Every structure is written in structure tokens, then in C-alpha cells.
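Listed below are the residues making up each chain.
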Amino acid sequence: MCDTCGCAITDDVLEEKILTVELLEDLMLENNRQAESNRQHLDKEGVFCINLMSSPGSGKTTLLERTIDALSGKVKIGVIEGDLETENDAQRIRAKGAPAFQITTGTACHLDAKMVHRGLHHLPLNELDLVFIENIGNLVCPAAYALGEHINVTLLAVTEGDDKAMKYPVIFRAADMVIITKTDLLPYCDFDVQKAEKSIKLLNPKAQVLMLGKGDEKGLDEWIDFCAKKIVK
Amino acid sequence: MHELSLIQGLMNRLEEVVKENKAKRVKSIWLKVGPLSGAEPQLLKEAFNFFSKDGIAAGAELHIDSPLVTLKCDKCGAEAQREYFTLSCTECGAGLPISDGSEALMLEQLELEME
């Protein structure tokens, strides 16, 4: 019974004490903490880290193969591969002479900072200059997860269509650089380069946009130059 | 797709906060989920129902504030608030900048039931 007026309010309601806690913190706090620790680990070893994101089949692994070839003997590269299943991509990277660790997520649609942390321990970081994280092929979820990378690069193949930046804005907003790939297929695709570039710039004015295709040495040179300038060791 | 792991992360954080405050359980949770955050409020709620069947947040209420995107056209000055975002001004067709806060994914406030 209530002490003040004698009403029939039950004791447990009277005794219920509520504490309001204002947190105003990022929902990704746990992941972000781990990502920051990954970045510190990489910085300590003097390694620059690039997170590659795109839909499946837009040329991430091919870009890595060409990058390893072009920088062979100059820059030491390691790769963390993310896929739902198989070691295929890690094998392709190892065939080029670079160390690679394959993360298979089973059903998870993105890599997170914890998975990358485990992956980093499988790479000889003290011997490396540049680490690429090849994220799960997916234009949605990977954008939400910081991994400890220094920059994000998003790939968009001309076969995917010039409206993809508008349809999947989050991942193009997260990019420091967007590479439009498979430009050698432009004659066979209904892909308006200017339209694609305009929407990328509108979403993300700071993003650098680069064009790359099979046999395109100019585009590759620009990319290699960009990577080489990032080396801190 | 990643709403399940977001809620799993939230659950871990709730455990921490309950422990820090020596509380009994979580009564209410307030999230802010921007339209460009990459997470869907409805899917977050479903994931929360799944993970909060028992434990410290069983029966807790999840409130999700989904702010509208505020867009102001640079050219004609028209302002618009939308649940989704578009790239061009409906008044004059010019490109629209995207407001800050549209990527927010925040744990804003909790109500804890104390011992």
C-alpha cells in the first residue's frame, strides 16, 4: 500500500527505480574500437592498408593480380581475402607470389574488424609495405564496417550499369577512390561514363574517379602511381 | 543484411552498460538510424525481437528514430525533407547535396531498471 495516500498501488511498482543513461554513441562502437586497434597495429608496422569493395565479379582480384605484377620487386604486398566460400582468390594471389590469407565467412555478407584482426595475424606484416583487404562482393553491407583500413576503394564495372552509384549510395559515399573497371567492354555496354562520374561526384565530391580496362596501361599506371605514393616505409 | 550483427553488437553493449550501472535490466532503448546508414529500422526491430527473447533486455522496448534527409538546393534554394534521398531537386532539377546526420547509426539513450 502507498504510504502517502493509502491507495492500492503494489509495492513492486513503487519500488521500481528507473535510471536514464544518455549514451549518444555509435552503434558500431565495438567494431570501430577493433578497427582502430587494427589500424594502430598496421601503423606500428609501417603498412598502408586499402579496403577494396564492389559487387561480385567487378574485377577486385584481377586488379590485385595486376597490381602485384606491376609492383613486383618494388613494393611488398599482402592480401586478406573475404569470400563466403572457397580459397580460390587466395590461391590466385599466392600464384602471383604474394602472401594471402583467406577468410571464409560462411553466410556473413561483410567482413568486420574482428575477422580482419585474425587475418592480420596470418600475414608477415613486418615484411610488407601494402595490405589489401578484398571485401566480400556486395554493394550494401561492407560499407558499414570499418576494418582498420587507411582508405576505401570501390570498384564499379561498366557491365553493372551507370546507375549503380545512385542505387547503392552508401558504398560510394564511403569511397576515397572509385575505379570504373572493364572499360574495354564499353563498346558492348549501355554505360554512360559521364553520367556515372556525375552521380559519383554528386554523392561524394572528394572521391577520385579512375578508369581501368583490360590492356589499358594508362589507367593501370595511374593506379600503380597512386598505390606507390601511399607507401610509408 | 547485417542488421543481425548490429543487434548482436548492441546486446554486448547493453550487457556492459547494465553491469557498469549495477542495473537489473534494460527497460527501453532509443536508436537513431539515418536513411543513409545502411541499416533498415524494420529489420533491426526483427533482429532485436530475436535476440531479446531472454536475458537483460527481455521485454525491453526498442524505439527507432529515423530522421528525414534534409536537402537544400544550391541553385534555387528549395528545401525538401524526404524519407529517402534523391540526387536532384524536384523544383529545378539541379544536383542536391546530402545533409549531415543521414548516415547516423546511434545508440542514443537507455532506460535501466535498477535493483
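The paragraphs below set out a description of the structure included in this document. A quick note: this is a predicted structure, and the numbers were derived from the prediction, not measured.

## Regarding the interface of chain B and chain A
Here is step 1 of the chain: Contact with chain B, which involves 33 residues of that partner, is made by 28 residues of chain A.
Here is step 2 of the chain: When the two sides are added together, the surface that chain B and chain A hide from each other amounts to roughly 2,800 Å², 63% of it contributed by carbon and sulfur.
Here is step 3 of the chain: In this assembly, chain B and chain A are joined by two salt bridges.
Here is step 4 of the chain: Across the pair B:Arg13 and A:Glu25 runs a salt bridge whose closest N-O atoms are separated by 2.5 Å.
Here is step 5 of the chain: For the interface between chain B and chain A, the tally reads 12 residue pairs in polar contact (both at pLDDT 80 or more).
Here is step 6 of the chain: Elements represented by at least two residues in the side of chain B that touches chain A include exactly α1 (3–20), β1 (23–33) and β5 (105–114) of chain B.
Here is step 7 of the chain: At 10 residues, the largest contribution of residues to the side of chain B that touches chain A is made by β5(B).
Here is step 8 of the chain: Where strand β1 (residues 17–26) of chain A meets β5(B), eight bridges bridge the pair, whose relative direction is antiparallel. Looking at the pairing, A:Asp26 lines up with B:Met106 of β5(B).

## Looking at the sheet that holds β1(B)
Here is step 1 of the chain: The mixed open sheet is built from four strands, whose spatial order is β1(A)-β5(B)-β1(B)-β2(B). The sheet is open, and its two edges are formed by β1 of chain A together with β2 (61–65) of chain B, each paired on a single side. With direction set aside, neighbouring strand axes in the sheet form an average angle of 20 degrees.
Here is step 2 of the chain: With nine bridges joining them, β1(B) and β5(B) adopt antiparallel strand pairing. In the strand pairing of β5(B), B:Leu31 is matched with B:Leu107.
Here is step 3 of the chain: On the sheet, α1(B) packs against β1 of chain A together with β1 and β5 of chain B and is oriented at approximately 40 degrees with respect to β5(B).

## Side note on the nonpolar core
Here is step 1 of the chain: Ranked by internal contacts, the top residues of the largest apolar core, which has 47 residues, are B:Val26, B:Ile29, B:Leu31, B:Leu110 and B:Leu112.
Here is step 2 of the chain: Looking at which element gives the most residues to this core, the answer is α1(B), with seven residues.
Here is step 3 of the chain: Other than its neighbours up to four places away in sequence, B:Val26 contacts B:Leu14, B:Val18, B:Ile56, B:Ala57, B:Ala60, B:Leu110, B:Glu111 and B:Leu112.
Here is step 4 of the chain: A:Ile50, A:Leu130, A:Leu210 and A:Leu212 belong to the second-largest nonpolar core, a separate cluster that totals 28 residues.

## A closer look at the environment of B:Asp65
Here is step 1 of the chain: When you line up the elements, B:Asp65 lands in strand β2.
Here is step 2 of the chain: Using a relative accessible area of 35% as the deciding quantity, one classes B:Asp65 as partly exposed.

## With respect to the sheet that holds strand β6 (residues 151–157) of chain A
All names here are of chain A.
Here is step 1 of the chain: The seven strands are arranged β4-β3-β5-β2-β6-β7-β8 in an open sheet whose pairing can be described as parallel. One side of each edge strand has no neighbouring strand; the edge strands of this open sheet are β4 (100–104) and β8 (208–211). Adjacent strand axes in the sheet meet at a mean angle of 20 degrees, parallel and antiparallel pairs treated alike.
Here is step 2 of the chain: Pairing geometry for strand β3 (residues 77–83) and β4, over five bridges, is parallel. What sits directly across from Ile80, in β4, is Phe101.
Here is step 3 of the chain: The strands that helix α4 (residues 88–95) touches are β3, β4 and β5 (130–134); relative to β4, the one it contacts most, it runs at about 175 degrees.

## A closer look at α1(B)
All names here are of chain B.
Here is step 1 of the chain: If you check α1, its first and last C-alpha atoms are 26 Å apart, about what 18 residues at 1.5 Å a residue would give, namely 26 Å.
Here is step 2 of the chain: Within the sequence span of α1, burial applies to Glu3, Leu6, Ile7, Gly9, Leu10, Met11, Arg13, Leu14, Val17 and Val18.
Here is step 3 of the chain: Just past α1, the residue Lys22 takes up positive phi, approximately 50 degrees.

## A few points about the pattern of salt bridges
Here is step 1 of the chain: Inspection of the entire model under this criterion finds 16 salt bridges over all chains.
Here is step 2 of the chain: The partner of A:Arg92 in a salt bridge is A:Glu65, and the shortest N-O contact between them spans 2.9 Å. Of this pair, A:Arg92 sits in helix α4 while A:Glu65 sits in helix α3 (residues 60–70), placing them 27 residues apart in sequence.
Here is step 3 of the chain: A salt bridge links B:Glu113 to B:Arg25; the shortest N-O distance between them is 2.7 Å. With B:Glu113 in strand β5 and B:Arg25 in strand β1, this pair connects stretches of sequence that are 88 residues apart.
Here is step 4 of the chain: Its relative accessible area of 10% is what places B:Glu113 among the buried residues.
Here is step 5 of the chain: Of the residues examined, B:Arg25 reaches a relative accessible area of 23% and is grouped as partly exposed.
Here is step 6 of the chain: One network of salt bridges, in which partners are shared, links A:Glu25, B:Arg13, B:Glu16 and B:Glu20.

Procedures and definitions
- Residues numbered from 1 in each chain as written.
- Chains lettered and ligands numbered in written order.
- Predicted model: local features only at pLDDT ≥ 70, side-chain atom pairs only at ≥ 80, totals over all residues.
- Heavy atoms only, no water.
- Contact = heavy atoms within 4.5 Å.
- Buried area = accessible area lost by both parts, 1.4 Å probe.
- Salt bridge = Lys/Arg side-chain N within 4 Å of Asp/Glu carboxyl O.
- Polar contact = N/O pair within 3.5 Å; in protein donor to acceptor, adjacent residues only side chain to side chain.
- Helix = DSSP H or I, 4+ residues; strand = E, 2+ residues; numbered from the N terminus.
- Pairing = 2+ DSSP bridges.
- Axes fitted to C-alpha atoms, helices over the stretch in contact; angles between N-to-C directions.
- Core = buried A, V, L, I, M, F, W, Y, C linked by side-chain atoms within 4.5 Å.
- Buried < 20%, exposed > 50% of the residue type's maximum accessible area, 1.4 Å probe, protein only.
- Expected span 1.5 Å × (residues − 1).

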